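Listed here are the chains, written in short residue letters.
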Amino acid sequence: MSKKSLSQIERDVLAVSDIYAERFEIERGSAWYLAKLTEELGELTAADLKCAGNARSSGKSRQDLEEDLADEAADLFAHILLFCRNRNIDLEQALERKWLKHLPVSQS
């Protein structure tokens, strides 16, 4: 699989979200995007607790637990992109301004 840019991933995530919203007749208002972030963070936390052995594994194998963790991280990331798009946040620009400015000049 070839690497995609963040903007392409954002467009693809939005397309999937649009399909989901239409299929399940979901009205995605501003509060929905934040609520989904909260929901997905909770699911990521639960998956991480299971991977760390701090919650019941429900009989799942280590590989299944790690896959669940990765899937929940993907869900959270996708919903961050959707939240930012809904709030007109340029995530790439914000990352440059907030985080990447701290890199040495030779790395940026």
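The structure under discussion appears in the preceding block.
Residues numbered from 1 in each chain as written. Predicted model: local features only at pLDDT ≥ 70, side-chain atom pairs only at ≥ 80, totals over all residues. Heavy atoms only, no water.

(A) Highlighting helix H1 (residues 6–23). An ideal rise of 1.5 Å per residue puts 26 Å on 18 residues; H1 measures up with 26 Å between its terminal C-alpha atoms. Among the residues making up H1, those that are buried are Val-13, Leu-14, Ser-17 and Ala-21. All buried residues of H1 lie within an arc of 105 degrees about the axis, which places them on one face of the element. With respect to the buried face of H1, the exposed residues turned more than 90 degrees away are Val-16, Glu-22 and Arg-23. Elements that come into contact with the buried residues of H1 comprise helix H2 (30–51) and helix H3 (62–86). One or two steps after H1, the chain reaches Glu-25, where phi turns positive at roughly 50 degrees. (Helix = DSSP H or I, 4+ residues; strand = E, 2+ residues; numbered from the N terminus. Expected span 1.5 Å × (residues − 1). Buried < 20%, exposed > 50% of the residue type's maximum accessible area, 1.4 Å probe, protein only. Arc of directions from axis to C-beta. Contact = heavy atoms within 4.5 Å.)

(B) Layout of the pattern of salt bridges. Across all of its chains, the model carries 7 salt bridges by this definition. As a salt-bridge pair, Glu-10 and Arg-85 come within 3.2 Å of each other at their nearest N and O atoms. Remark: Arg-85 occurs in helix H3 and Glu-10 occurs in helix H1; sequence separation between them is 75 residues. Look at the salt bridges and you will find they share partners, linking Lys-36, Glu-39 and Glu-40 into a network. (Salt bridge = Lys/Arg side-chain N within 4 Å of Asp/Glu carboxyl O.)

(C) Summary view of a negative patch on the surface. A cluster of acidic residues, Glu-43, Asp-64, Glu-67, Asp-71 and Asp-75, forms a negative patch at the surface. With respect to the helices and strands, the residue Glu-43 is situated in helix H2. A relative accessible area of 30% places Glu-43 in the partly exposed class. (Patch = residues over 30% accessible without salt bridge, like charges linked within 9 Å, V, L, I, M, F, W, Y side chains within 5 Å. Areas by Shrake-Rupley, 256 points an atom, 1.4 Å probe, with all protein chains shown as cover. Lys, Arg positive; Asp, Glu negative; His and termini not counted. Charge placed at Lys NZ, Arg CZ, Asp CG, Glu CD.)

(D) Local environment of the packing of aromatic side chains. Applying the stated rule across the entire model yields 2 aromatic pairs. Centre to centre, the rings of Tyr-20 and Phe-24 are 5.0 Å apart; their planes meet at 50 degrees, and the pair counts as tilted. On the basis of an interplanar angle of 85 degrees and a centroid distance of 5.1 Å, the ring pair of Trp-32 and Tyr-33 is categorised as edge-to-face. Classification of Trp-32 as buried rests on a relative accessible area of 17%. According to the relative accessible area criterion, Tyr-33 is buried, its value standing at 8%. (Phe/Tyr/Trp six-rings, centres within 6.5 Å; stacked < 30°, edge-to-face > 60°.)

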